[in-house]
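Understanding the architecture of this molecule
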Amino acid sequence: MILDIISFITAWLTYFAIYSIVAITLNLEAGTAGIVNFGKVAFFGLGAYIGAIINTYLLLMAAGVDPYKCPPYTSEGVIELTRIAASEPGLVIGIFILSLVLSFLITGLFGYFLTYPIIRVGSGFVGFALLSVGEVLRAIYINTEFVGGIHGMLGIPQPFTWIRNPLISDLCYMVLTVFFFILTYMLAHRIINSPLGRSLRAIRDDDIAALCLGKDVPRMKSKILFISSGLTGVAGALYASYFSSVNPQMFVILITFNIWAMIIIGGLGNPLGSVLGALILSLIERILAFITPIIGGLPFSPDYLRPIIIGTLMVTVLIKYPRGMLPEKPIKTPAMELLKRISRRG
């Protein structure tokens, strides 16, 4: 019983940490910069597939196995990956770190170059353009044999698979994801309270006025999209390793709107609100995944419980807290802190 509780908490915290990273980055885009990104799942999925490719194909090649004879979407490839992950921990961890770095760089550059020309035509067009990009990428995954097509890739090793106790292995991975979540939160907090963050808020409130005051609006938006897209790619790579598989059905449009629900419930413009929203929705998600199979006697399918609960929660929260449960706070700058100290002394 105790082990089951620990296992549930470990799985939930891992899930929560990964989705918190994505929610924080979306809040940077939408809440701070005013970029309506309806294609967040595109970057999440791209990071997951990049991490999956590096952690499978490159790992097989580094271990002296021909990945084209034993591709990771076949049973032979999965057997080889399982053997390598259990016997060569140093190699697995090294390639895992490389996958995170490459996921950040490639996904960040993809976001930068993709959105730079689109941003010039208005934030509304950015949202719908990115929405279509997510579906285009998913169609590419489905029709590309290299990444397993519609069935996806299997056998993606976790960096701690070599630990024989599965509970300890999962705990180690949970600590790793929480570390990246804390790192993302600290970075977002630093950006929001930096000159870049203040400029992005000005652009969000009135981009024409910011442009007239000399702010390079497209460049600043592209810069924040590079950072947020890269971090979303890292979250995707962590997600792929956690589930040890990726397939196109894991990255449908619904994922984007779940993340939007997190920041709307938590509060736009406040990274702590993103964390609160991710905490609430990830807990609902995990509880429903546990109890849905055993629920019976409902007048509708138990699969509809999730959207019903999340939709009801969003409406209830917005009635009580129109700006979210933890709305945006005033910017903290060294000058403001100095003025506060002087006023207290006076």
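Residues numbered from 1 in each chain as written. Predicted model: local features only at pLDDT ≥ 70, side-chain atom pairs only at ≥ 80, totals over all residues. Heavy atoms only, no water.

1. Focus: the overall build of the protein
The helix and strand tally for the protein stands at 13 helices and two strands. For 346 residues, the compact-globule estimate of 2.2 N^0.38 gives 20 Å, and the C-alpha radius of gyration of the protein, at 21 Å, lies within 12% of that figure. When the backbone C-alpha atoms are referred to their principal axes, the protein occupies close to 70 × 50 × 45 Å. Relative to its full complement of 346 residues, the protein shows a buried share of 48%. Partitioning the contacts of the protein with sequence separation of at least 6, the portion at a separation of at least 24 is 79%. As displayed, the protein has an accessible area near 16500 Å², and 71% of this comes from carbon and sulfur atoms. (Helix = DSSP H or I, 4+ residues; strand = E, 2+ residues; numbered from the N terminus. Rg over C-alpha atoms; globule rule 2.2 N^0.38 Å. Buried < 20%, exposed > 50% of the residue type's maximum accessible area, 1.4 Å probe, protein only. Contact = heavy atoms within 4.5 Å. Areas by Shrake-Rupley, 256 points an atom, 1.4 Å probe, with all protein chains shown as cover.)

2. Notes on the pattern of salt bridges
Summed over all chains, the structure comprises seven salt bridges. The shortest N-O distance in the salt bridge between glutamate 29 and lysine 40 comes to 2.9 Å. Taken together, the residues span a long stretch of sequence, with glutamate 29 in helix α1 (residues 2–32) and lysine 40 in helix α2 (residues 40–62) at a distance of 11 residues. As far as the burial class goes, glutamate 29 and lysine 40 line up, both buried. The closest approach of N and O atoms between arginine 83 and glutamate 80, which form a salt bridge, is 2.8 Å. Here arginine 83 pairs with glutamate 80, and both are found in helix α3 (residues 75–87), just three residues apart, close to one helical turn. Through salt bridges that share partners, Arg201, Arg204, Asp205 and Glu328 make up one connected network. (Salt bridge = Lys/Arg side-chain N within 4 Å of Asp/Glu carboxyl O.)

3. Remarks on the environment of lysine 221
Of note, lysine 221 is situated in helix α9 (residues 217–243). Considering only alpha carbons, one finds lysine 221 and alanine 33, 188 residues apart in sequence, at a separation of 6.8 Å.

4. A word on helix α10 (residues 253–266)
For α10, spanning 14 residues, the distance from its first C-alpha to its last is 21 Å, which sits close to the expected 20 Å at 1.5 Å a residue. For α10, the tally of buried residues reaches 10 of 14 residues, placing the bulk of the element in the interior. Turning to α10, its buried residues are Ile255, Thr256, Asn258, Ile259, Trp260, Ala261, Met262, Ile263, Ile265 and Gly266. In this fold, the buried residues of α10 make contact with α1, α2, α11 (271–291) and α12 (305–320). (Expected span 1.5 Å × (residues − 1).)

5. Description of the nonpolar core
Soluble globular proteins: nonpolar side chains tend toward being buried together. Of all hydrophobic cores here, the largest spans 86 residues; its most connected members are Tyr19, Phe44, Leu238, Tyr239, Val246 and Phe251. Look past the residues within four positions of tyrosine 19 in its chain and what remains in contact with it is Phe44, Tyr239, Ile255, Ile259, Met262 and Ala278. (Core = buried A, V, L, I, M, F, W, Y, C linked by side-chain atoms within 4.5 Å.)

6. Topic: unusual backbone geometry
Peptide bonds are, in most cases, trans, and in most cases residues other than glycine have a negative phi. Its identity as a non-glycine residue notwithstanding, serine 244 has a phi of 60°, on the positive side. Its location among the elements puts serine 244 in the loop between α9 and β2 (245–246). By relative accessible area, which is 26% here, serine 244 ends up partly exposed.

7. Focus on the layout of surface pockets
Considered as a void within the structure, the largest pocket measures approximately 490 Å³ in volume. Around the largest pocket, the lining comprises 23 residues; the ones closest to its centre are Tyr15, Ile255, Glu285, Arg286 and Arg306. Secondary structure elements with two or more residues in the lining of the largest pocket: α1, α9, α10, α11 and α12. At six residues, the largest contribution of residues to the lining of the largest pocket is made by α11. (1 Å grid on protein atoms, 1.4 Å probe; cavity = no way out; pocket = protein on both sides within 12 Å on 5 of 7 lines; lining within 4 Å. Points joined across faces, edges and corners; volume = space filled by probe spheres on them.)

8. Here we look at the packing of aromatic side chains
Centre distance and the angle of the planes are the two values used to describe a pair of aromatic rings. As enumerated under the stated definition, the model contains 22 aromatic pairs in all. Ring centres of phenylalanine 179 and phenylalanine 180 lie 5.5 Å apart, and the angle between their planes is 75°; this geometry places the pair in the edge-to-face category. Among the residues examined, phenylalanine 180 registers a relative accessible area of 18% and is labelled buried. Following the ring pairs from residue to residue traces out a cluster consisting of Tyr15, Tyr19, Phe44, Tyr49, Phe96, Tyr141, Tyr173, Tyr239, Tyr242, Phe243 and Phe251. Over the aromatic face of tyrosine 15 sits the side chain of arginine 286, whose NZ or CZ is 4.3 Å from the ring centroid. (Phe/Tyr/Trp six-rings, centres within 6.5 Å; stacked < 30°, edge-to-face > 60°. Lys NZ or Arg CZ within 6 Å of the ring centre and 35° of its normal.)

9. Examining a nonpolar patch on the surface
Taken together, Met1, Ile5, Phe8, Ile9, Leu283, Ile287 and Phe290 make up a surface patch of nonpolar side chains, about 680 Å² in accessible area. Of all elements in the fold, only α1 and α11 reach the threshold of two or more residues within the nonpolar patch. Turning to its location among the elements, isoleucine 5 is positioned in helix α1. (Patch = residues over 30% accessible without salt bridge, like charges linked within 9 Å, V, L, I, M, F, W, Y side chains within 5 Å.)

Without other data, these values stay purely geometric and don't point to any function.
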